Amino acid sequence: MRKLAIGAALSGVLALTGLTAPLASAATTGPDLVFSDITVNKGMAIVVGTSATVKVPVTYTLTRPSDLVIDYKTTFAGVLLYRGPLRDPANSIEPDGASTCTTTSTTDTTVTEACTETIGVEPRSDLYAAADATTWKAGGYYSHLEEDNDDSDGHVGFGYGYEVWGDVGTAQIKRAAKLTADASPEPVVKGRTLTVKGALTRARWATGRYEGYAAQSVALQFRPAGSTTYTTVKTVTSGTGGALSTTVKATKSGYFRYQFAGTTTTGAKTSTGDYVKVDAG
């Protein structure tokens, strides 16, 4: 689990003091903050492969005391993702940097802001196991740093507080899929049998590789030459190693592709269409 987003300054302080900052470490009292209207990745699933970092936009509303300044130097606030219990999460992912907030309303005692931030999901450091492909919770956090680095009086001091308001939103993280299609023979005589092979694989974060995804329903689709519309021809079940293979009668020239609708743990995927020329014979 990554160290929570208290900022680079706090990281240095903790290194000097030998402290760490797990999610469970939090001040017991602090400012009255309300995190609401949280939307992660525009409400869509976060689909992550084996190498590329996925930049996830987050929007939220923050209501804070009017006398509280959040400067991202000594005070910090934002939204993070976690799974498992709030007091001891199995994993957590924090934003890349400071939120950008715009005041939308004020009262005598509070300020309400519309905020945006970005959470970078990096498979090599943030996702460890298949269990990470699930529904995560969103939490709002607040932290503050106190530092007395002036040793002229023979004294230095470092302190921090950290609070999290849990279960204020959700986000789905899924494993990315790959899908291929290859129809043969090419060209083929009209009325003869075509074999369409392919493979369905999905990311395995623990190894940084794609592995076969068996026992999944995949649609074989066809688009005639000159058309822009694919039509499902039949449904095929992926076998060992995610292998796909089925046969169809050749009727006209066009493109064959496989389409996978996705599951609760794995994102949807559509293969590139493979063109086959059908001769009259």
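Our subject is the structure listed above.
As the structure is a prediction and not an experimental result, all values here were calculated from the model.

### Overview of the overall build of the protein chain
What the protein chain contains, in helices and strands, is two helices and 20 strands. The burial tally for the protein chain puts 42% of its 281 residues in the buried class. When contacts within the protein chain are restricted to residue pairs at least 6 apart in sequence, those whose partners lie at least 24 apart make up 67%. Within the structure as shown, the protein chain displays about 13900 Å² of accessible surface, and the carbon and sulfur contribution to it stands at 50%.

### Examining the sheet that holds strand β1 (residues 34–40)
Strand order in the open sheet formed by four strands is β1-β3-β7-β6, and the pairing between neighbours is antiparallel. Where the open sheet ends on each side, the last strands, each with one partner, are β1 and β6 (100–106). Looking at each pair of strands side by side, their axes are set apart by 20° on average, direction ignored.

### What about the sheet that holds strand β4 (residues 75–83)?
Spatially, five strands are ordered β2-β9-β8-β4-β5 in an open sheet, and the strand pairing comes out mixed. Lying at the two open borders of the sheet, with one neighbouring strand each, are β2 (46–48) and β5 (91–93). Between one strand and the next, the sheet's axes are offset by a mean angle of 45°, whatever the strand orientation. In this structure, β2 lies alongside strand β9 (residues 157–175), joined through three bridges in parallel fashion. Paired with Val48 across the strands is Arg175, a residue of β9.

### Concerning the environment of Gln221
With respect to the helices, strands and loops of the structure, Gln221 is situated in strand β14 (residues 217–224). Taking the relative accessible area as the measure of exposure, Gln221 reaches 6% and is therefore buried. When sequence neighbours within four positions are dropped, the list of residues in contact with Gln221 reads Tyr230, Thr231, Thr232, Val233, Tyr255, Phe256, Arg257 and Gln259.

### So, the pairing of β6
Of the strand pairs in this sheet, β6 and strand β7 (residues 110–121) are connected by six bridges, and their pairing is antiparallel. In the strand pairing of β7, Thr106 is matched with Val111. Hairpin connection, β6 to β7: the antiparallel pair is bridged by three residues.

### Digging into unusual backbone geometry
With an omega of 0°, the peptide bond running from Ser184 to Pro185 counts as cis. Residue position: Pro185 is located in the loop between β10 (177–184) and β11 (188–189). Cis peptide bonds are those with omega within 30 degrees of zero, and the linkage from Glu186 to Pro187 qualifies with -10°. With respect to the helices and strands, the residue Pro187 is situated in the loop between β10 and β11.

### Points about the side chain of Gln221
Only 3.2 Å separates the side chain of Gln221 from the side chain of Thr232, close enough to count as a polar contact. Within the structure, the side chain of Gln221 is placed 3.1 Å from the side chain of Gln259, a separation counted as a polar contact.

Cut-offs and rules
- Residues numbered from 1 in each chain as written.
- Predicted model: local features only at pLDDT ≥ 70, side-chain atom pairs only at ≥ 80, totals over all residues.
- Heavy atoms only, no water.
- Helix = DSSP H or I, 4+ residues; strand = E, 2+ residues; numbered from the N terminus.
- Buried < 20%, exposed > 50% of the residue type's maximum accessible area, 1.4 Å probe, protein only.
- Contact = heavy atoms within 4.5 Å.
- Areas by Shrake-Rupley, 256 points an atom, 1.4 Å probe, with all protein chains shown as cover.
- Pairing = 2+ DSSP bridges.
- Axes fitted to C-alpha atoms, helices over the stretch in contact; angles between N-to-C directions.
- Polar contact = N/O pair within 3.5 Å; in protein donor to acceptor, adjacent residues only side chain to side chain.

By themselves, these are just geometric observations and shouldn't be taken as functional.
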